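A structural walkthrough
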Amino acid sequence: MKKSMLFFSALFIGLVGVSNAKADTTCNGVANGGASLFGNQIQNCGFETGDFTGWSGTATTDNPVFAGVDSFASYEGTYEAYIAPLGTTDTLTQTVNTLAGYTYTIEFALMNDTTPTTDTNSFLATFGGTTLLSQTKTPADAYTLYTYQVVGTGAPEALTFTARNDPGFFTLDSVSVATTPEPGSLVLLGTGIAGLAGAARRRFKR
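Residues numbered from 1 in each chain as written. Predicted model: local features only at pLDDT ≥ 70, side-chain atom pairs only at ≥ 80, totals over all residues. Heavy atoms only, no water.

A word on the overall build of the protein
For clarity, the threshold we go by: Helix and strand assignments follow DSSP, with helices taken as H or I runs no shorter than four residues and strands as E runs no shorter than two, numbered in order from the N terminus. Categorising residues by exposure relies on relative accessible area from a 1.4 Å probe, with only protein chains included: less than 20% of the type maximum marks a residue as buried, more than 50% marks it as exposed, and the intermediate range marks it as partly exposed. Throughout, a contact is declared for two residues whenever any of their heavy atoms are within 4.5 Å. We get accessible surface area from the Shrake-Rupley algorithm with a probe of 1.4 Å; when it comes to residues, only the shown protein chains can shield them.
Summing up its helical and strand segments, the protein has two helices and eleven strands in all. Expressed as a percentage of the 206 residues in the protein, the buried residues total 43%. Considering only intrachain contacts with a sequence separation of at least 6, the fraction spanning at least 24 residues in the protein is 74%. As displayed, the protein has an accessible area near 10,300 Å², and 60% of this comes from carbon and sulfur atoms.

Considering unusual backbone geometry
Residues apart from glycine generally show negative phi values, whereas peptide bonds are mostly found in trans. A positive phi is found at Lys137, a non-glycine position, where the angle reads about 50°. Mapped onto the elements, Lys137 comes out in the loop between strand E8 (130-136) and strand E9 (141-151). On the accessibility criterion, Lys137 (42% relative accessible area) is partly exposed. We note that Ser174 has phi near 55°; this positive angle belongs to a residue other than glycine. Along the chain, Ser174 turns up in strand E11 (residues 170-180). Taking relative accessible area as the criterion, Ser174 reaches 0% and is therefore assigned buried.

Regarding the pattern of salt bridges
Opposite charge on two side chains permits pairing when their charged atoms draw close. Operational definition: Whenever a carboxyl oxygen of Asp or Glu lies within 4 Å of a side-chain nitrogen of Lys or Arg, that contact is scored as a salt bridge.
One pass over the structure, following the stated rule, counts one salt bridge. In this structure, Asp166 engages Arg164 in a salt bridge whose closest nitrogen and oxygen atoms are separated by 2.8 Å. A relative accessible area of 16% places Asp166 in the buried class. Looking at Arg164, the relative accessible area reads 24%, which means it is partly exposed.

Focus on the confidence of the model for the protein
Here is the rule we go by: pLDDT is defined as a per-residue confidence score from the predictor, taking values between 0 and 100.
On average, residues of the protein carry a pLDDT of 83, and 76% of them reach 70 or more. Contacts from residues 6-21, a stretch scored under 50 in pLDDT, to residues over four places away or in other chains number 17 contacts. Of the regions scoring below 50 in pLDDT, residues 184-206 engages in two contacts with residues more than four places distant in sequence or in other chains.

Remarks on the environment of Thr162
The residue Thr162 is located in strand E10 (residues 157-165) in this model. C-alpha of Thr162 to C-alpha of Leu92: the two residues are 70 residues apart in sequence and 6.6 Å apart in space. Once residues lying within four places of it in the same chain are set aside, the contact partners of Thr162 are Thr89, Asp90, Thr91, Ser122, Phe123 and Leu124.

Remarks on the sheet that holds E8
Quick note on the threshold: Strand pairing is assigned whenever DSSP detects at least two bridges linking the two strands. Note on definitions: angles span 0 to 180 degrees between N-to-C directions of axes, and those axes are lines fitted to C-alpha atoms, for helices only across the stretch in contact.
Pairing within the open sheet is antiparallel, and its four strands lie in the order E5-E10-E7-E8. On the outer flanks of this sheet lie strand E5 (90-96) and E8, each paired with one strand and no other. Shown here is a sheet whose adjacent strand axes are inclined to one another by a mean of 5°, direction ignored. In this sheet, E10 lies alongside strand E7 (residues 121-127) in antiparallel orientation, the contact comprising seven bridges. Note that in E10 the partner of Phe123 across the bridge is Ala163.

Put into structure tokens, the structure is as follows:
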């Protein structure tokens, strides 16, 4: 299957330029936070630039037969990433800043298109030192949206996907790492806003 994809992958990359792609601003309904820590921290979360902009790892430089971005089977939007090296693994990673004690909701959509027989596949998702998903020799299936929650350490943490798929392809899309403020922080925020509103009213009366 991979050999038959070589020609089509090369043709697709030659025909589709990233200049025609749009940059996504939301994934899984969470707006990209940009400089803010309270949004989706993942840049290019749905690969809608048409490439691996914002991402690092061996998948970003591997032969396009084994790893790349295309529009054959997206979960949402136009594009998705595929990671499927033979006999070894590729990584795709992005580091985000975290706030200590805050809960982070991590989501990504994953699909495997081929059931292994005598060969194998494996997929590992980690965030910092936490294993989110670990699969080996998994059967073909449709997209599954995986959701996890972890607590921030206050240090930068890497969300890393490590994959191998000898008979087929893992397809990845719609990646989000979103911060959920603690209830106590929301109370403090509300109190601060109320205080500012009261001060504004007093100034207005003068």
